[in-house]
Amino acid sequence: MELQGKNVFITGSTRGIGLAMAKAFAQQGANIVLNGRKEISEELITEIKNFGVNCIGLSGDISDFSSAKQMIEQAQEQLGDIHVLVNNAGMNNDKLLLRMKEEDFESVLKVNLTGTFNMTQPLLKKMLKQKQGVIINMASVSGLTGNVGQANYAASKAGVVGFTKTVAKEAASHGITCNAIAPGFITTDMTDVLSDKVKTQINETVPLQRLGNPEDIAQTAIFLAQNPYITGQVISVDGGLTM
Ligand code: NAD
């Protein structure tokens, strides 16, 4: 897909991987819908507009179906058809399973997995009419291999993988692709909380010997959006962690 002039909705794009993706898509000439739970600052919107594209900010909680649906409607009213949806917003709340409360489990599932459904379903209805669309979901290596302290997060991301492959199968005949990216350890607020000791251990475990950058993920999203013959795939971007 030629991204110039296309409209791209990226959830959780106020910082980290989502913001890097917003800048990468804007650099390709795409108009951007920024989203986060809190109000989107005018500075951030201007920063994206400085790429010479249109940009709007829609704050709202993706874990709430009516809020997600409303954001899709607002985006379409303000920009026109949405061509690319990146379900990037996510959260973690790590603890060992024996210490995990029901609400610790459910709250992570509600954002990472149900939030992906909440955004995708209302937009897919519109994409089916458009006979065109790209959906990119954010999974994680944790969802592929499991990770100590992440039973909730890993389960949500494994769910995202199953969701991705199913949407890909249901939408393929309408020219819509759906893929997932499974990042390893990427330097964002989410991994900022890790101690230097843990970061050193990660660097020793990762074959490419470093944490990834948000831009490593952003470039993969661009690649997927530009390739209409790739669908139902999970691309690991993890420095070789899962090879
Ligand atoms: P981050 O914590 O830096 O940013 C998360 C973004 O999501 C923020 O903009 C936040 O406002 C938004 N968000 C969270 N809950 C939301 C909700 N309910 N509604 C709307 N917006 C919400 O995270 P990040 O590290 O940039 O991660 C982005 C995605 O990549 C997540 O899905 C995460 O699980 C995944 N991921 C990250 C890593 C990593 O190492 N950083 C690894 C694997 C997967």
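For every chain, the first residue of the written sequence is number 1, and numbering continues from 1 onward in sequence order. Confidence filtering applies because this is a predicted model: local features only for residues at pLDDT of at least 70, side-chain atom pairs given and counted only at 80 or more, and all residues used for totals across whole chains, interfaces and linings. Note that the side-chain values use all heavy atoms of the structure and ignore hydrogens as well as water.

### A closer look at the site of the ligand
Next, step 1: Here a residue is considered near a molecule or strand provided that any single heavy atom belonging to it is located within 4 Å of it. Around the ligand there are 29 residues in total, and Thr14, Asp61, Asn88, Tyr153 and Thr188 lie nearest to it.
Next, step 2: A distance of 3.4 Å separates an oxygen atom of the ligand from a polar backbone atom of Gly12.
Next, step 3: In protein, a polar contact means a hydrogen-donor-capable atom and an acceptor-capable atom, both N or O and within 3.5 Å, with residues adjacent in sequence counting only if both atoms are side-chain atoms; elsewhere, any N or O pair within 3.5 Å suffices. Here an oxygen atom of the ligand and a backbone polar atom of Gly184 are 3.4 Å apart.
Next, step 4: Only the protein chains shown count as cover for residues, and the accessible areas themselves come from Shrake-Rupley with a 1.4 Å probe. In the complex, the protein chains occlude 96% of the 840 Å² of accessible area that the ligand would expose alone.
Next, step 5: Helix numbering and strand numbering both begin at the N terminus, where a helix is a DSSP run of H or I of at least 4 residues and a strand a DSSP run of E of at least 2. Elements that contribute at least two residues to the shell around the ligand include exactly helix 1 (16–27), strand 2 (31–36), helix 6 (151–171) and helix 7 (189–192).
Next, step 6: Per-element accounting of the shell around the ligand gives the leading share, three residues, to helix 7.
Next, step 7: A per-class count over the shell around the ligand returns eleven nonpolar, 13 polar and five charged. Under the scheme applied here, ten amino acids are nonpolar (Ala, Val, Leu, Ile, Met, Phe, Trp, Tyr, Cys and Pro), four are charged (Asp, Glu, Lys and Arg), and all others, including Gly, are polar.

### Comments concerning the UniProt feature "domain: Ketoreductase" (unreviewed entry) in the chain
Next, step 1: UniProt positions are given in the numbering used here, feature names are shortened, and annotations may be inferred rather than shown by experiment. According to UniProt, the feature "domain: Ketoreductase" (unreviewed entry) maps to residues 6–189 in the numbering used here.
Next, step 2: The span residues 6–189 is 49% helical and 18% strand by assignment, and the distance between its end C-alpha atoms comes to 29 Å.

### Focus on the pattern of salt bridges
Next, step 1: Definition used for salt bridges: Asp or Glu carboxyl oxygen within 4 Å of a side-chain nitrogen of Lys or Arg. Within the structure shown, the criterion is met by six salt bridges.
Next, step 2: Measuring nitrogen to oxygen at the nearest pair gives 3.8 Å for the salt bridge that ties Lys199 to Asp192.
Next, step 3: Note on exposure labels: buried denotes an accessible area under 20% of the residue type's maximum, exposed denotes more than 50%, and partly exposed covers the range between, all computed with a 1.4 Å probe on protein chains only. Accessibility expressed as a relative area gives 21% for Lys199, which makes it partly exposed.

### Here's the deal with the environment of Thr191
Next, step 1: With respect to the element layout, Thr191 can be found in helix 7.
Next, step 2: Taking the C-alpha atoms as reference points, Thr191 and Gly159, 32 residues apart in sequence, are found 22 Å from one another.
Next, step 3: Any two residues having at least one pair of non-hydrogen atoms within 4.5 Å are treated as being in contact. For Thr191, the residues in contact, after removing those within four places along its chain, are Ile186 and Lys199.

### What to know about the sheet that holds strand 7 (residues 234–237)
Next, step 1: A pair of strands is considered paired only if DSSP assigns at least 2 bridges between the two. Strands sit in the order 3-2-1-4-5-6-7 across an open sheet of seven strands; the sheet is parallel. Sheet topology places strand 3 (55–59) and strand 7 at the edges, where each strand pairs with a single neighbour. Each neighbouring strand pair of the sheet contributes to a mean axis angle of 15 degrees, computed without reference to strand direction.
Next, step 2: When strand 5 (residues 133–138) meets strand 6 (residues 176–183), the two strands line up parallel, connected through six bridges. Each residue of the ladder has a partner; that of Ile135, found in strand 6, is Cys178.
Next, step 3: The sheet strands contacting helix 4 (residues 102–130) are strand 1 (7–10), strand 4 (84–87), strand 5 and strand 6, and the helix crosses strand 4 at an angle near 170 degrees. Angular values range over 0 to 180 degrees, each being the angle between N-to-C directions of two axes fitted as lines to C-alpha atoms, with helices fitted over their stretch in contact.

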